[in-house]
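What the coordinates show
Each chain is listed here by its residues.
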Amino acid sequence: FALGMGNFGGLRGQTHKREPLPSRPPDRTISVPTLPCQALLYRLSGDYNLLHVDPEFAAMVGFERPILHGLCTFAVAVRAIIAAACPNHPDKFRSFKGRFAAPAYPGETLVVDMWQGAAGSLRVRVTAMDPGENKSKGRVVLTDGEGRVDGGMLGN
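The shown structure was predicted, so the numbers you read here are calculated from the model rather than taken from an experiment.

Further remarks concern the packing of aromatic side chains. By the definition in use, this model includes 2 aromatic pairs. Here F74 and F100 contribute two aromatic rings whose centre-to-centre distance is 6.5 Å and whose plane-to-plane angle is 55°, an arrangement assigned as tilted. Taken as a pair, F74 in helix α3 (residues 70-85) and F100 in strand β2 (residues 93-100) lie far apart in primary sequence, 26 residues in all. Its relative accessible area of 26% is what places F74 among the partly exposed residues. Looking at F100, the relative accessible area reads 35%, which means it is partly exposed. Taken together, F74, F96 and F100 form an aromatic cluster joined through their ring pairs. When the ring centre of Y105 is taken as reference, the NZ or CZ atom of R65 above it lies at 4.2 Å.

The structure is reproduced here in structure tokens:
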């Protein structure tokens, strides 16, 4: 995310058709608090972008404060899928894709909503909230999430 930067040249390319989430409540929800220092830990993955640690740089590119790595948000979603659909059998996890919609910030709670689809498929949405905040006040940070697991069904 570099808000409003654009001008990368070339054609925008095709956009895929977005399928709406099921109208029913999620089949499973898992809330995962992140640490205020989480972005510092994720620097160990090799992403040294100042956007994740420097408040002045984050403000310069349009953010209120340093943002959480997308890799961390993505990993939280995948870990929730593994815990819910193939309880701690990561060998049954096959794939996950999603679209980043907004940044998450270190110290927020990431709420992973999951809907069971057919044949081991899941629909996923991740919402970020400040600790103690009502989910309705959170903001969606990952949309169009689709997971696949071998034989997985969402447990309660």
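Structure's up, so let's keep going.
Tracing the backbone through its elements, the reader meets M114 in strand β3 (residues 109-116). Taking the relative accessible area as the measure of exposure, M114 reaches 0% and is therefore buried. On a C-alpha basis, the gap between M114 and A84 in space is 8.7 Å, while along the polypeptide they are 30 residues apart.

Here the focus is the nonpolar core. For soluble globular proteins, nonpolar side chains are generally found buried alongside one another. Of all hydrophobic cores here, the largest spans 26 residues; its most connected members are I81, F96, L110, M114, V124 and V126. Among the elements that take part in this core, α3 stands out by supplying 9 residues, more than any other. Filtering out sequence-adjacent residues up to four positions away, I81 remains in contact with C86, F93, F96, M114, L122, V124, G147 and V149.

The grouping of L35, L41 and L44 at the surface amounts to a nonpolar patch, some 330 Å² of accessible area in total. Relative to the assigned elements, L41 resides in helix α1 (residues 38-42). Relative accessible area serves as the criterion here: at 44%, L41 is assigned to the partly exposed category.

For α3, with 16 residues, the first-to-last C-alpha span of 22 Å sits near the 22 Å given by 1.5 Å per residue. Regarding α3, the residues found buried are C72, T73, V76, A77, V78, A80, I81, I82, A84 and A85. Here the buried face of α3 lies against β1 (28-33), α1, β2, β3, β4 (121-129) and β5 (139-149).

Parameters at a glance
- Residues numbered from 1 in each chain as written.
- Predicted model: local features only at pLDDT ≥ 70, side-chain atom pairs only at ≥ 80, totals over all residues.
- Heavy atoms only, no water.
- Phe/Tyr/Trp six-rings, centres within 6.5 Å; stacked < 30°, edge-to-face > 60°.
- Helix = DSSP H or I, 4+ residues; strand = E, 2+ residues; numbered from the N terminus.
- Buried < 20%, exposed > 50% of the residue type's maximum accessible area, 1.4 Å probe, protein only.
- Lys NZ or Arg CZ within 6 Å of the ring centre and 35° of its normal.
- Core = buried A, V, L, I, M, F, W, Y, C linked by side-chain atoms within 4.5 Å.
- Contact = heavy atoms within 4.5 Å.
- Patch = residues over 30% accessible without salt bridge, like charges linked within 9 Å, V, L, I, M, F, W, Y side chains within 5 Å.
- Areas by Shrake-Rupley, 256 points an atom, 1.4 Å probe, with all protein chains shown as cover.
- Salt bridge = Lys/Arg side-chain N within 4 Å of Asp/Glu carboxyl O.
- Expected span 1.5 Å × (residues − 1).

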